[in-house]
Amino acid sequence: MRIWPPLATFAQGYGRKVKARTPALEPIPFQERLPLKLKSQISTKKEGSEGASCLQEMAVLFTCLKSNEFNQTVCSKEISAFQKCFSDHKAKREEMKKDTTGIGSKKLTSKQVNVLLKKYSR
Amino acid sequence: MSGMSSLTKLISTLARVSDTKLVLLNHSNVQIISSAKMSQYPKYFIDPTFRNDELNAMYETGEVKEKALVPCRAALTEHTSSEFYSSFTRKFINHVMRKGNKQLAREIVEKAFEVIKKTQIQKFHSLPPEKKVDFAIRDPHELFHQAIINVKPIMVLTPIKRGGVRYQVPVPVDDVQATILAYKWFIEASKDKERTVRFYNKLAKEIMDAANNTGRVVKKKLDLHKQCEANRAYAHYRWN
């Protein structure tokens, strides 16, 4: 039977026959499996929740619709304001996405941090 | 460096002429992004111009000389310069199409428009002469356009998960996405019928109702808006 690393260390350290069913004996030796240093990049999965946009326009639109029984022709001004706000928000988001360096901004996104780390880490 | 100058020429032409966006990545690299996303063509290929009025305009402004130098995608069979072409309706025909049977989809939609026209003419002739002056027989394409405008939602509910619970949050919707939703609702409503009723008849009825701002599809949109209004509190919790 091939001796897996844990069993091998047990055999070396304690000098007694340890079966896999017995519980581990304290202290358990530390085994360095991954390198003990930080990576030069961070996870880009957690995007960080963006604040809700166009809430005021939405609220105004809702009040208008409620008072007019959801008749859209009456609320055309509010609707166009709401849609304009949304398209502006989308354009801003596109621009922020393209900004790879994030120079001058207080908060950096994870992608921007990665760019910097790649450039300056050794 | 003749190769370099031709590349810069291409880039400058594209920037001026087509829907491509140019993104400056570094000082030297320029990434050309076309509007189409998944395509067998390279991204810098432009869409064909096939309408006579657009072509004439291009000849007048002299834009045709520049566009002639840029590589162009092939025109699809639906890209005709015919009188009966409607850019608005062809998207709907694509949504009606199943299993790539474009011919059948086109037939259905055209039959539906025929039915719309016939019902209008019938209505017109059944009116007394003094009321005939006020009644206008509208082009079915135009009626369909109006129907879509009446049916497009302004905002939709998206499910957002917070703390293990799925909330329906009202969110603003893109114009294109709203149009696609409208198409879907029309098709759904036209499918929900008795066995003996034909799809194109039901579709014609739905379009005429929607153009009048009544009927089933408009009701669906109104219900969605009402639900959004009922859930407006969730939108305030910074979820967007």
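One can find the structure itself at the top, above this paragraph.
Fair warning: this is a prediction, and the values are worked out from it, not measured in the lab.

How each quantity is defined
Residues numbered from 1 in each chain as written. Chains lettered and ligands numbered in written order. Predicted model: local features only at pLDDT ≥ 70, side-chain atom pairs only at ≥ 80, totals over all residues. Heavy atoms only, no water. Pairing = 2+ DSSP bridges. Helix = DSSP H or I, 4+ residues; strand = E, 2+ residues; numbered from the N terminus. Contact = heavy atoms within 4.5 Å. Salt bridge = Lys/Arg side-chain N within 4 Å of Asp/Glu carboxyl O. Polar contact = N/O pair within 3.5 Å; in protein donor to acceptor, adjacent residues only side chain to side chain. Axes fitted to C-alpha atoms, helices over the stretch in contact; angles between N-to-C directions. Parallel < 35°, antiparallel > 145°, perpendicular 65-115°, else oblique. Nonpolar A, V, L, I, M, F, W, Y, C, P; charged D, E, K, R; others polar.

Residue-level account of the pairing of strand 3 (residues 155–162) of chain B, with values.
Residue and element names in this part refer to chain B. Pairing of strand 3 with strand 4 (residues 165–172), which is carried by eight bridges, proceeds in the antiparallel orientation. Directly across from Arg162, in strand 4, lies its bridge partner Val165. In this structure, the hairpin formed by strand 3 and strand 4 is closed by a connection of two residues, where Gly163 is found at a positive phi of approximately 65 degrees.

Just give me the short version of the interface of chain B and chain A, but keep the residues and values in it.
For interface size, the figure often reported is the accessible area lost on association. Each side of the interface is counted separately: chain B has 22 residues, and chain A has 20 residues. Remark: the boundary between chain B and chain A carries two salt bridges. In this structure, Asp174 of chain B and Lys90 of chain A form a salt bridge, with 3.0 Å as the shortest nitrogen-oxygen distance. Taken together, chain B and chain A are joined by two residue pairs in polar contact (both at pLDDT 80 or more). Where the side of chain B that touches chain A is concerned, the elements lending two or more residues are strand 3, strand 4, helix 10 (216–230) and helix 11 (232–235) of chain B. Here the side of chain B that touches chain A takes six residues from helix 10 of chain B, the largest share from any one element.

Residue-level account of the packing of helix 7 (residues 140–151) of chain B against helix 8 (residues 175–191) of chain B, with values.
Residue and element names in this part refer to chain B. Two numbers describe how helix 7 lies on helix 8: the axes approach to 9 Å, and their chain directions differ by 105 degrees. The angle between helix 7 and helix 8 falls in the class roughly perpendicular. Between helix 7 and helix 8, the residues in contact are Phe144, Ala147, Ile148 and Val151 and Thr179, Ala182, Tyr183, Trp185 and Phe186, respectively. Grouping the constituent residues of the contact of helix 7 with helix 8 by class yields eight nonpolar, one polar and no charged.

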